[in-house]
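Coordinate inspection notes
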Amino acid sequence: MKYKSQKVAYWFFALCMLLFSLQIVYGFIMGFDRIGIQGLHEIIPFNVARAVHTNLLVVWLLTGFMGAAYYIIPEEAQRELISVKWAYVQLISLAIVGVVTIIGFHFNHWEGRKFLEIPRELDYLVVVNVLLFLFIILGTLFKGKRQTTTALVLSMGLFFAALLYIPGMIWFDSQVMDSFFRWWVVHLWVEGVWELIMGGILSFLLIKLTGVDREVIEKWLYVIVGLTFLSGVLGTGHHYYYIGVNKIWLIVGGIFSALEPLAFLAMALFAVNMYRKGEKSHPNKIALFWTIGSAIVSFVGAGLLGFAHTLPQTNLYTHGTLVTAMHAHYAFWGAYAMIVLAMISYALPNLTGRKRYESSQGMMAFWLSNIGILGMTVAFGVAGVAQVYMERKMKMDFMVVQSEISIHFVVLLICATMFTIGIGLFIFDFIKYGRPTDEALETDNQGHRADGYKIDGHIIENLTGTSEKKGKTVI
């Protein structure tokens, strides 16, 4: 690492791993519930498990994005964070809000709106938390020595993600109006501004991992930003087909949903092209695999599978079925989970000074988790198509259909076990890296560090003339 304050990112990544683990646990609770093993049903009903599972997904990804920003922005701005203390305050408050929310769900304390179940009083704490985060990030960026396109796109994505949370806090008596603005949060996050966050992180990683010139890589970012806004904003229309709004949204949603894969295609081409142009000499192959994999899998999951069921003619039948779960799992995994794991894989060796990326364990984590999630996606897809045919074409009863397709959830649980082993290996590797250390700070040829100290044997000398002893030589 280049700056001491980048160590803050490690603790966001640690919280991120904890929340991800909990999300997987609740996923298994739902999976077993689907095949009739309901030992926990009285304690954790299906609707509670589902709310916890989906909300943990959002929170751990946001935590990962925040950790990525705390690592990237100092390096891009070429200065320390303006306040490390407040960054830790923000982390602790975020963790407290998450814990209180999850506990509250188990006592049916929520708003009941899908993906936005968090109680209203905690909404305000989330807003304060995010404002503090933006203050630190934007303050660091604009007080820095430079403002790069990578940092600006990442910051823009984070800023608009915060701004678009507000429509979800507006109360409407009309179910139609509530659904209309709820999708401003849910859709414009995951198919809009989160793509900017992904693009910013992807750009940073490709600059570091491929050795391709910054100007070449950042030119692609303008294309990605343009395609994201072109398709993502009006692509919200595919959520408006059946909620009671004007029929014009069938046309608007259909057209712009068809364009949405272009942004993910651009990211996939961008990543592969930069890899081919690059020197391919960076030793951290695990981070490179996660980075390129994220771009490719996001195109398949978010782009192609999304396009496959968002056209009005198709969505008429697939709406509200497991086909949506098929798309959602592979899209979130490729576009956002993998890019967070790529960032962690790149940052950990730099934060801790330990080069564990040469072990086979990290590569096993990559392949097991990806094969597992692909199997889960296929299981959801087969179950979803069967559900569509029996429910929507043969007009069979919903619960009868659920019983008929339960066998597919046995396959899904087997694949989920493989996925969990892969993520378990990743988390084990995370723990083995240990905590970040000042000894991992980079130096130039003269032994100068970016934080204004000079390394000379056992002495760390401040450029102002003071010095401090170290227990061992810093390399």
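No experiment lies behind these values; they were computed from the predicted model shown.

**Some thoughts on the packing of helix H2 (residues 46-77) against helix H12 (residues 322-352)**
- Where H2 meets H12, the closest approach of the two axes is 10 Å, and the angle between their N-to-C directions is 40 degrees. Classified by chirality, the crossing of H12 by H2 is left-handed. From H2, His53, Leu57, Trp60, Leu61, Gly64, Phe65, Ala68, Tyr71 and Ile72 reach across to H12, where they touch His329, Phe332, Tyr336, Ala337, Ile339, Val340, Met343, Tyr346, Ala347, Asn350 and Leu351.

**Focus on the packing of aromatic side chains**
- Applying the stated rule across the entire model yields 36 aromatic pairs.
- Between the aromatic rings of Trp189 and Trp194, the centroid separation amounts to 5.5 Å while the plane-to-plane angle is 20 degrees, which identifies the pairing as stacked.
- The class for Trp189 is buried, based on a relative accessible area of 9%.
- When its relative accessible area of 0% is taken as the criterion, Trp194 is described as buried.
- Ring geometry for Trp194 against Tyr336: centres 5.2 Å apart, planes inclined by 85 degrees, an arrangement best described as edge-to-face. Of this pair, Trp194 sits in helix H6 (residues 175-210) while Tyr336 sits in helix H12, and the two are 142 residues apart along the sequence.
- Since its relative accessible area comes to 2%, Tyr336 is described here as buried.
- Among the aromatic residues, those joined into a cluster by ring pairs are Phe20, Trp60, Phe289, Trp290, Trp333, Phe366, Trp367, Phe419 and Phe426.

**Observations concerning a nonpolar patch on the surface**
- A cluster of nonpolar side chains, contributed by Ile248, Leu250, Ile251 and Ile255, occupies part of the molecular surface with about 350 Å² of accessible area.
- On the secondary structure map, Ile255 appears in helix H8 (residues 248-259).
- By relative accessible area, Ile255 is classed as partly exposed at 47%.

**A short note on unusual backbone geometry**
- Of note in the backbone geometry, Phe115 takes a positive phi value of approximately 75 degrees without being a glycine.
- Of note, Phe115 is situated in the loop between helix H3 (84-105) and helix H4 (120-143).
- A positive phi is found at Lys395, a non-glycine position, where the angle reads about 60 degrees.
- Within the secondary structure, Lys395 sits in the loop between helix H13 (360-393) and helix H14 (398-404).

Cut-offs used in this document
Residues numbered from 1 in each chain as written. Predicted model: local features only at pLDDT ≥ 70, side-chain atom pairs only at ≥ 80, totals over all residues. Heavy atoms only, no water. Axes fitted to C-alpha atoms, helices over the stretch in contact; angles between N-to-C directions. Helix = DSSP H or I, 4+ residues; strand = E, 2+ residues; numbered from the N terminus. Left-handed = near helix turned anticlockwise from the far one by under 90°. Contact = heavy atoms within 4.5 Å. Phe/Tyr/Trp six-rings, centres within 6.5 Å; stacked < 30°, edge-to-face > 60°. Buried < 20%, exposed > 50% of the residue type's maximum accessible area, 1.4 Å probe, protein only. Patch = residues over 30% accessible without salt bridge, like charges linked within 9 Å, V, L, I, M, F, W, Y side chains within 5 Å. Areas by Shrake-Rupley, 256 points an atom, 1.4 Å probe, with all protein chains shown as cover. Salt bridge = Lys/Arg side-chain N within 4 Å of Asp/Glu carboxyl O.

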